[in-house]
Amino acid sequence: MNKEQYLGVYVSTLTYDDILADIEQRMAAGKKSTIIAVNPEKLIAASQNPELKQLINAATYPIPDGIGVVLASKLKGGRLASRVTGIDLMERLIALAANKGYRVFLYGAKEEVVQKAKQNLEAKYPGLCIAGYMNGYVNDDGVVVRAIQAANADMLFVALGSPRQELWIRAHLDQLDVKVFQGVGGSFDVFAGHVKRAPKLFRTLGLEWFYRLITDPKRFKRQLALPKFLWKVLTEKEAADHRTAAKERSR
């Protein structure tokens, strides 16, 4: 299985290229795939919330969006080599859609944001077919589902914030003929040009969290999730080692 477990929650060990290749195979076979980005904050929450844990564990690709997950893998001798961020995976899927002729639907964010994101993505990727879009303020889910179906979409990107977007996907998964579902948080704001990502150097070094902190100090409390998560992972490992040793001594 291409997943590792932290605090009882699964995380995919696949790279970007692995995921894209696997998704294409699954699409060809008519299978549906779901993508959820996980970070230390979400893993801690999931360890205390059975519904959220089940939601993540049921995903086809629970991707390691936070550098803390990669550090935890290294501490446990795992196979995770680098992050797979939600926004970068979305853009790679967009590029794949443009290349292979897959139809895309964007759902979520404000009207001006999702509209501008659509325009910018179409300009950047010639041949991309964004077959439909809808802002996140439409209150009738039936209207949204019918619009997605009418667009005959292959890929659906939902930007409603987490875990609302993942809960929405789970609630409507069986009603839609879409093959790839991804909750993308604030990614539409970035593609629309309304929000800037950390400079590439910060992202390459796994310091995007630090850039966010120095540009928005109010995030300090949220960033405490990283050391808390790593401590939990370490103590979980030690507890497991003690249980194993105790079993060996009792034999």
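Below is a summary of the structure that appears in this document. (Residues numbered from 1 in each chain as written. Predicted model: local features only at pLDDT ≥ 70, side-chain atom pairs only at ≥ 80, totals over all residues. Heavy atoms only, no water.)

A few points about the nonpolar core
For step 1, the next point in the chain: Of all hydrophobic cores here, the largest spans 38 residues; its most connected members are Leu93, Met155, Phe157 and Phe188.
For step 2, the next point in the chain: Listed by contribution, the elements that provide at least two residues to this core are helix H1 (16-28), strand E3 (33-38), strand E4 (61-64), helix H5 (86-100), strand E5 (103-108), helix H6 (111-124), strand E7 (155-159) and helix H9 (187-191).
For step 3, the next point in the chain: Among the elements that take part in this core, H5 stands out by supplying eight residues, more than any other.
For step 4, the next point in the chain: Once residues within four sequence positions are removed from consideration, Phe157 is found in contact with Met90, Leu93, Ile94, Val104, Phe105, Leu106, Tyr107, Gln182, Val184 and Phe188.
For step 5, the next point in the chain: Listed in part, the 19 residues of the second largest apolar core include Val11, Ile44, Val69 and Leu230. (Core = buried A, V, L, I, M, F, W, Y, C linked by side-chain atoms within 4.5 Å. Buried < 20%, exposed > 50% of the residue type's maximum accessible area, 1.4 Å probe, protein only. Helix = DSSP H or I, 4+ residues; strand = E, 2+ residues; numbered from the N terminus. Contact = heavy atoms within 4.5 Å.)

A short note on the pairing of E4
For step 1, the next point in the chain: Side chains Tyr61 and Ile63 project from E4 onto one buried face, and the interleaved Pro62 and Pro64 project onto a second face that is buried too.
For step 2, the next point in the chain: Bridge analysis of E3 against E4 gives four bridges, and the strand direction is parallel. Its bridge partner being in E4, Ile36 is matched across the sheet by Pro62. (Pairing = 2+ DSSP bridges.)

Quick look at the packing of helix H3 (residues 50-57) against helix H8 (residues 164-172)
For step 1, the next point in the chain: Where H3 meets H8, the axes come as close as 11 Å, and the angle between the chain directions of the two elements is 65°. Between H3 and H8, the angle is such that the two are roughly perpendicular. Viewed along their axes, H3 and H8 form a crossing whose handedness is left-handed. Residues Glu51, Gln54 and Leu55 of H3 touch H8, and the partners they reach there are Glu166, Leu167 and Arg170.
For step 2, the next point in the chain: Here the residues of the contact of H3 with H8 sort into two nonpolar, one polar and three charged. (Axes fitted to C-alpha atoms, helices over the stretch in contact; angles between N-to-C directions. Parallel < 35°, antiparallel > 145°, perpendicular 65-115°, else oblique. Left-handed = near helix turned anticlockwise from the far one by under 90°. Nonpolar A, V, L, I, M, F, W, Y, C, P; charged D, E, K, R; others polar.)

A closer look at the side chain of Gln182
For step 1, the next point in the chain: Residue position: Gln182 is located in strand E8 (residues 180-183).
For step 2, the next point in the chain: For Gln182, the side chain forms a polar contact with the main-chain oxygen of Gly86, separated by 3.0 Å.
For step 3, the next point in the chain: Leave out the neighbours within four places in its chain, and Gln182 touches Ile35, Gly86, Leu89, Met90, Leu93, Leu156, Phe157, Val158 and Ile169. (Polar contact = N/O pair within 3.5 Å; in protein donor to acceptor, adjacent residues only side chain to side chain.)

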